[in-house]
Amino acid sequence: MRVQSGPTTLNFHAFLSNFIIVAHPTAVQLDDVAFGYDRSKMVLEQVNLTVRPGQIVALMGGSGCGKTTILRLIGGTVRPSSGTVSVFGEDVGAMDTEALYRMRSRLGMLFQFGALFTDLSVFDNVAFPLRERTGLGERMIRDLVLMKLQAVGLRGARNLMPHQLSGGMARRVALARGIALDPRLMLFDEPFTGLDPISLATIGRLVRELNDALGASSIIVTHDVQESLQIVDYLYFIAGGRVVAQGTPKEVRASEQPFVRQFIRGEIEGVVPFHQSAGDYRSELLSGAR
Amino acid sequence: MAERGNVPPAQAAGPVRARTERLGAWTLQKIERLGFAARFFLAILRFSGPSLRRFGLVMREIHFAGVLSLVIIGVSGLFVGMVLGLQGYETLVRYGSAEALGTLVALSLVRELGPVVAALLFASRAGSAITAEIGLMKATEQLAAMEMMAVEPLARVVAPRFWGGVISMPLLAAIFSSVGILGGYLIGVVTIGLDAGAYWSQMQAAVDFRDDVINGVIKSCVFGVAVTWIAVFEGYDAAPTAEGVSRATTRTVVTSALVILALDVLLTALMFRGT
């Protein structure tokens with residue numbers, strides 16, 4: 001188990017929680033988790049996965065298979081229909097609002113397109129969680145913000161507004177904001193989408209380096225197979241609301257499982273069909289109905 | 001031909017039943033949304049404490065909703081006052097009471113037009129902007145990001161905007177009425193040539209502070225709460241897409257206008273003393 005860095009927040013609860021985090025053998029654990037946005041259609045059915053402290057885990061699978069929903073379950077924005085979601089040993093589904101917010105203060109999340117606050121500058125975006133969640137003075141906040149921006153290579157862009165940033169820069173600023181409170185767990189929702197190869201490699205390297213520097217754990221929801229195989233420690237493949245395959249990058253590369261092979265090679269036909277299930281094509285054309 | 005087993009039960013029972021079911025579903029949906037809006041209002045009040053303690057956030061919203069609406073409120077107030085001056089003089093001069101123009105302009109503005117027209121303009125200018133801003137924050141996951149940072153969006157985003165609007169509205173209505181009275185003066189005294197002393201003194205004698213001014217302020221406060229509540233709710237409840245935000249913005253303006261006019265009837269009836 002990795003040694004965690006010291007507490008960053010000043011209140012007693014957070015201080016105590018950090019000891020619990022250090023002591024707990026899993027960062028995230030999902031046991032038989034099922035979830036549906038409406039009862040008639042379940043997005044997840046019996047998902048089991050484990051993220052250990054210090055690990056970077058990738059969740060992969062086709063669009064709409066429930067990967068982002070897993071991040072929402074971990075963040076507590078939705079609660080499982082059945083099963084347990086535990087973050088550092090605490091059951092997220094059973095948390096009240098106060099406990100949920102306490103848990104979230106130890107968690108950083110990078111959204112697909114950064115989700116930067118458009119009315120705040122780069123500096124103020126990174127300072128936002130520090131101003132809102134800590135009682136630190138402006139001088140200390142300034143130093144911390146500059147350190148976080150330096151870590152992502154954008155100290156020189158601190159006075160820019162979000163609309164002046166490229167996609168890759170916005171993602172890096174969001175990453176700096178995500179690590180502002182030195183989180184124990186980072187969640188990444190498709191961090192590589194829409195990036196050029198250089199920005200993509202930069203974000204990938206930063207994810208790995210920052211995870212190791214913070215002694216944190218990370219979960220990455222992504223479609224980018226090649227980048228993921230280079231930076232993550234473990235991969236889960238989700239399909240049909242379940243974990244259909246898992247393993248280390250080495251195991252995944254060597255896997256003969258049809259789903260894994262089709263996914264990492266990007267084959268159009270395979271166990272995941274090209275066509276959405278539908279009625280007979282000829283009779284539908286002839287019927288003239290919509 | 002479709003098999004009987006594939007036909008939905010509502011269609012099988014005929015179009016009247018299908019229509020009735022749709023109407024029922026629509027009504028239930030509207031009632032549910034109204035309930036959600038009421039709970040949302042209570043949640044805003046619950047989170048108002050932290051927002052009002054950080055008054056800088058509210059001040060910023062007063063700037064956006066209030067100060068930036070000053071031009072449209074001022075110009076509209078001036079024109080409405082000028083029109084009242086022209087129309088009022090035209091009518092009063094027939095009865096030989098042209099000196100009462102100041103009274104007519106002031107009472108029309110303070111009791112009725114000031115709060116109502118200012119609220120309609122406020123809904124179009126600031127209400128739509130509040131809805132669009134919150135809706136876009138939702139669509140671009142800014143609200144979700146805030147939640148994940150353990151920062152409550154209702155306290156940080158919604159409540160300051162709500163109070164910014166509620167505080168701005170009566171001030172804007174007061175400015176609208178004041179500029180309107182000045183517009184009436186420009187027409188009645190400066191252009192037509194009525195006596196300035198008569199214009200001001202008749203106004204001073206006829207306008208009652210409690211019955212006219214305070215009632216007007218009460219109206220504008222109620223309109224401020226209604227418009228800002230609608231604006232923040234529509235933004236927060238908007239579908240997180242470009243079309244969803246656009247529809248929400250339109251709904252804010254239309255619903256606000258109808259609610260302002262309905263509330264105006266209700267408040268005027270309650271305040272009407274038959275004197």
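Residues numbered from 1 in each chain as written. Chains lettered and ligands numbered in written order. Predicted model: local features only at pLDDT ≥ 70, side-chain atom pairs only at ≥ 80, totals over all residues. Heavy atoms only, no water.

Things to note about the overall build of chain B
Item 1. A count of helical and extended segments in chain B gives 11 helices and 0 strands.
Item 2. Going from N to C terminus, chain B has its helices and strands arranged as α-α-α-α-α-α-α-α-α-α-α.
Item 3. Computed over its C-alpha atoms, the radius of gyration of chain B comes to 24 Å, more than 25% above the 19 Å expected for a compact globule of 275 residues.
Item 4. Each principal axis of the C-alpha distribution contributes one length, and for chain B these read about 85 × 50 × 30 Å.
Item 5. Evaluated residue by residue, chain B yields a buried proportion of 43% over its 275 residues.
Item 6. Once local pairs closer than 6 in sequence are excluded, the contacts in chain B between residues at least 24 apart make up 82%. (Helix = DSSP H or I, 4+ residues; strand = E, 2+ residues; numbered from the N terminus. Rg over C-alpha atoms; globule rule 2.2 N^0.38 Å. Buried < 20%, exposed > 50% of the residue type's maximum accessible area, 1.4 Å probe, protein only. Contact = heavy atoms within 4.5 Å.)

As for the nonpolar core
Most often, soluble globular proteins have nonpolar side chains that are buried together.
Item 1. Ranked by size, the top nonpolar core spans 66 residues in total, and within it Leu30(A), Ile70(A), Ile74(A), Leu185(A), Leu187(A) and Ile219(A) carry the most contacts.
Item 2. A per-element tally of this core places helix 8 (residues 153-192) of chain B first, with 7 residues.
Item 3. Once you skip the residues sitting within four places of it in the chain, Leu30(A) turns out to touch Val47(A), Asn48(A), Leu49(A), Ile70(A), Ile74(A), Thr84(A) and Val85(A).
Item 4. The next biggest cluster of nonpolar side chains, apart from the first, holds 50 residues, and it includes Leu130(A), Ile203(A), Leu206(A) and Val252(A). (Core = buried A, V, L, I, M, F, W, Y, C linked by side-chain atoms within 4.5 Å.)

What about the side chain of Arg171(A)?
Item 1. Mapped onto the elements, Arg171(A) comes out in helix 6 (residues 167-178).
Item 2. For the buried Arg171(A), no salt bridge is present, and the opposite-charge side chain at shortest range is Glu190(A), 8.0 Å distant. (Lys, Arg positive; Asp, Glu negative; His and termini not counted. Salt bridge = Lys/Arg side-chain N within 4 Å of Asp/Glu carboxyl O.)

Focus: the sheet that holds strand 4 (residues 82-87) of chain A
Residues and elements named next belong to chain A.
Item 1. Taken together, 4 strands build an open sheet; the order of strands is 2-1-4-5 and the sheet is antiparallel. Each end of this open sheet is capped by a strand with a single partner; those strands are strand 2 (44-51) and strand 5 (90-91).
Item 2. Pairing of strand 4 with strand 5, which is carried by 2 bridges, proceeds in the antiparallel orientation. Bridge assignment links Val87 to a residue of strand 5, and that residue is Glu90.
Item 3. Helix 2 (residues 67-75) contacts strand 1 (28-35), strand 2 and strand 4 of the sheet and is inclined by roughly 115 degrees relative to strand 1. (Pairing = 2+ DSSP bridges. Axes fitted to C-alpha atoms, helices over the stretch in contact; angles between N-to-C directions.)

Considerations on helix 6 (residues 101-139) of chain B
Item 1. Considering bend angle alone, the principal kink of helix 6 of chain B is centred on Leu113(B) and spans about 55 degrees; proline Pro115(B) follows within four residues of it.
Item 2. Downstream of helix 6 of chain B by one or two residues, Glu141(B) has phi in the positive range, about 65 degrees. (Bend = angle between axes of the 7 residues up to and from the residue.)

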